[in-house]
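Chains, contacts and geometry: an overview
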Amino acid sequence: MDEQQIEDMLRRLENGDISEDDLESDGENIPYNPYLGALAAELEDDEDVLTGQDNSEDFLDQPLIQDEQLVQCAQSLERVEAQPTESLMNLRNLLWRKQSFLFDENNIKFGGSEELPSSIMKLQSPYQFFIYFFTNPFMENIVTESARYAVQKQPDRPEIFTEGELRKYFDILIFMSVYHYPSTRSYWSNKFSFSPIKEAMPINKFEKMRKLLHFNNNDDHLPVDHVQHDRLHNLRPIITHLNEKFSSVTIEQRLSIDEQMCATKVGHFLKQYLPNKPQKWGFKLFVLCNLSGFAYRFIIYSGKEANEGSSNSQNLGVVGQTVMNFLSVVPRQRNHIVYFDNYYTSLPLMCILAKQGIHSLGTIQRNRLGKTCKLPTKQDVMKSSIPRGSYEEYVTNFEGIDMTTVSWKDNKQVVLASTYVGACPVGNIERFDKKEKKRILITCPKLIREYNMHMGGVDLMDSFLGRNRIRMKSRKWYMRIFYHLLDLTVINSWVLYKKV
């Protein structure tokens, strides 16, 4: 049997058209195949019910279930089959071969242009870049909404401020992100005052503006039980405007997606804990960056239920659909390359991106590759008999898209998947050996070097924010996020200024 016949046989096995007993018997209509016999034996041994240990977003990549659940499984398969076939990938049907993935520079030659628009090229200072993002209509809208909020809060004597005063207020915040004082009022103290801030605005005016700053009409905020309730209603105009302005900058070829923390101690149900981040507590953002740390788009995490409300016509799960929403601003068929970690990486997502002309590379969880991929397990790789730098590579093809997975031994096992680069050409990398107490050269696959070289865009942005960020506290949770977005705009303005 050729490969197509084997795939058809596996698909019929999954759909229930044939049984595993037929494969093991001397059936007259089904010829015996050693590969299918071995696979059927593996599937028969795997009789455990779903335990939740497999974190794969594709429910088809699960062990066979018990007999009493066969009816429910068949109904689920029927619902999945109703989806477009190009969006589905049954990991059990993938045929993996232990071979090298052919890397060709011509396949990733960038077909777009990285030249900036003329409206950006004529800007000459970081302030002009900042004004490009914080436009006059945008500032006028903040003044209008703040005035409406002042009337709602104190109808008899509302405090109104002008657009010029609002610009001074933002200037003071930016100064505070560079010159750090123990408290806000310290900038206006008689002994240690900071003259540029003290001369720009009195402290009382600054405190009043700080309390009245608002961005959206509270009367339009739908109740919690409403279908279209928006948890980020107070910040929605800011989010929409900045995403439009950031994505108007020409998008470079190599991009990275990662999480970012808006550090805060304010009590709110949207606050997250990420132990691997320098700032572990705060509001979580997903950010799309280039290699220079410029953020093209950001999404503020507003809860699982809110994110599930987005369209998911390609059956990628919530995380996969988040990546597709990010990349909606990226031109198709231009050979853009996106890098992400194992939180986002899945084979169905990478396949769909490859069909749209977007290559991808990322670390991946071993259990997202399916049972048919024979990459070594962590227990096998970390044996003392396996030298550091050892690797194994398996390649598969789904609907004309070549995908490769590589397991590499460093201090621990590293598993990566890619649609454009594999282990070859293999190079070397320096590592410190504890036994020999010196640095040694070990083997390093090509895709490892690619990932380390191009994945750090969001981390670079985080380093910029860590050195210069607004540390002013606020009891309003959305103001803490706004200060973070203001810092993000300042960093984007500086990065773009240095590039021009």
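Residues numbered from 1 in each chain as written. Predicted model: local features only at pLDDT ≥ 70, side-chain atom pairs only at ≥ 80, totals over all residues. Heavy atoms only, no water.

An unreviewed UniProt entry annotates the protein chain as PiggyBac transposable element-derived protein domain-containing protein of Parnassius mnemosyne.

1. Digging into the overall build of the protein chain
Threshold: Secondary structure elements are defined from DSSP: runs of H or I of at least 4 residues count as helices, runs of E of at least 2 residues count as strands, and each element is numbered from the N terminus. In what follows, a contact means two residues having at least one pair of non-hydrogen atoms within 4.5 Å. Using a 1.4 Å probe, the Shrake-Rupley method yields the accessible areas, and only the shown protein chains count as cover for residues.
Counting secondary structure elements, the protein chain contains 18 helices and 11 strands. Taking the intrachain contacts of the protein chain between residues at least 6 apart in sequence as the baseline, contacts between residues at least 24 apart amount to 64%. Per element, the accessible surface of the protein chain, about 25700 Å² overall, is 49% carbon and sulfur.

2. Concerning the pairing of strand S10 (residues 427-433)
Let me state the cut-off plainly: Relative accessibility thresholds used throughout: buried, under 20% of the residue-type maximum; exposed, over 50%; partly exposed, between the two (1.4 Å probe, protein chains only). A pair of strands is considered paired only if DSSP assigns at least 2 bridges between the two.
Here S10 shows a clear split, with Gly427, Ile429, Arg431 and Asp433 buried on one side and none of Asn428, Glu430 and Phe432 buried on the other. Looking at chain direction, S10 and strand S11 (residues 438-444) are connected through 7 bridges and run antiparallel. Paired with Phe432 across the bridge in S11 is Arg439. Counted between consecutive antiparallel strands, the loop separating S10 from S11 contains 4 residues, among which Lys437 sits at a positive phi close to 55°.

3. Things to note about helix H13 (residues 317-326)
Among the 10 residues in H13, 7 count as buried, and that is most of the element. Taken together, the buried positions of H13 are occupied by Val319, Gly320, Gln321, Thr322, Val323, Met324 and Phe326. On its buried side, H13 packs onto strand S1 (254-263), strand S3 (281-290), strand S4 (295-300), strand S5 (336-340) and helix H14 (347-355).

4. What to know about the nonpolar core
Inside soluble globular proteins, nonpolar side chains tend to come together where they are buried. Heads up, the condition is: By convention a nonpolar core is built from buried Ala, Val, Leu, Ile, Met, Phe, Trp, Tyr and Cys residues, the set being connected through side-chain atoms within 4.5 Å.
Counting residues in each nonpolar core, the largest one holds 88 residues, and the members touching the most others are Tyr169, Phe170, Leu213 and Phe298. Discounting chain neighbours no more than four positions away, the residues touching Tyr169 are Met201, Phe206, Met209, Arg210, Leu213, Met472 and Tyr483.

5. Structural notes on the environment of Met472
Looking at the element boundaries, Met472 is found in the loop between helix H17 (457-467) and helix H18 (477-499). Residue Met472 is classed as buried on the basis of its relative accessible area of 5%. Sequence-wise, Met472 and Tyr483 are 11 residues apart; in three dimensions their C-alpha atoms are separated by 8.4 Å. With near-sequence residues (within four places) excluded, Met472 lies in contact with Tyr169, Leu173, Met176, Thr184, Phe206, Arg210, Arg480 and Tyr483.

6. Examining a nonpolar patch on the surface
Selection rule: Surface patches are drawn from residues lacking salt bridges whose relative accessible area is over 30%; two like charges belong together within 9 Å, two nonpolar side chains (Val, Leu, Ile, Met, Phe, Trp, Tyr) within 5 Å. When a carboxyl oxygen of Asp or Glu lies within 4 Å of a side-chain nitrogen of Lys or Arg, that pair is called a salt bridge.
Taken together, the side chains of Phe175, Val178 and Tyr179 present a nonpolar region at the surface, about 260 Å² in accessible area. Structurally, Val178 is set in helix H8 (residues 163-178).

7. Concerning the side chain of Asp487
As a reminder of what qualifies: Here Asp and Glu are counted as negative and Lys and Arg as positive; His is not counted, and neither are the chain ends. Under the rule applied, a polar contact is a pair of N or O atoms within 3.5 Å (in protein, one hydrogen donor and one hydrogen acceptor; residues adjacent in sequence only if both atoms are side-chain atoms).
Note that Asp487 resides in helix H18. Of the side chains bearing the opposite charge, Arg480 lies closest to the buried Asp487, which forms no salt bridge; the N-O distance is 4.4 Å. Of the polar contacts made by the side chain of Asp487, one reaches the backbone nitrogen of Ile470; its length is 2.9 Å. Not counting residues within four places of it along the chain, the set of residues in contact with Asp487 comprises Ser177, Leu465, Asn468, Arg469, Ile470 and Arg480.

8. What to know about the packing of H8 against H18
A pair of packed helices is captured by two measures, namely the crossing angle of their axes and the spacing between those axes. To be explicit about the condition: As a rule, the C-alpha atoms of each element are fitted with a line to give its axis, helices using only the stretch in contact, and angles between N-to-C directions run from 0 to 180 degrees. For classification purposes, angles smaller than 35 degrees are called roughly parallel, those larger than 145 roughly antiparallel, those between 65 and 115 roughly perpendicular, and all remaining angles oblique. The nonpolar class holds Ala, Val, Leu, Ile, Met, Phe, Trp, Tyr, Cys and Pro. Asp, Glu, Lys and Arg form the charged class, and all remaining residues, Gly among them, are polar.
Contact pair H8 / H18: the axes reach a minimum separation of 11 Å and the direction vectors enclose 80°. Regarding the angle of H8 to H18, the classification is roughly perpendicular. Here Tyr169, Phe170, Leu173, Ile174 and Ser177 of H8 lie close against H18, whose contacting residues are Phe482, Tyr483, Leu486, Asp487 and Val490. Grouping the constituent residues of the contact of H8 with H18 by class yields 8 nonpolar, 1 polar and 1 charged.

9. Quick look at the confidence of the model for the protein chain
Keep this limit in mind: Every residue gets a pLDDT, meaning the predictor's confidence in that residue, from 0 to 100.
Averaged over all residues, the pLDDT of the protein chain is 81; the fraction at 70 or higher stands at 81%. The low-confidence segment residues 19-87 (pLDDT under 50) makes 93 contacts with residues lying over four places distant or belonging to another chain.

10. Section: the pattern of salt bridges
By the definition in use, this model includes 16 salt bridges. With its nearest N and O atoms 3.8 Å apart, the salt bridge here joins Lys383 to Asp380. The class of Lys383 is partly exposed, set by a relative accessible area of 45%. Through salt bridges with shared partners, a single ionic network connects Arg254, Lys446 and Glu450.

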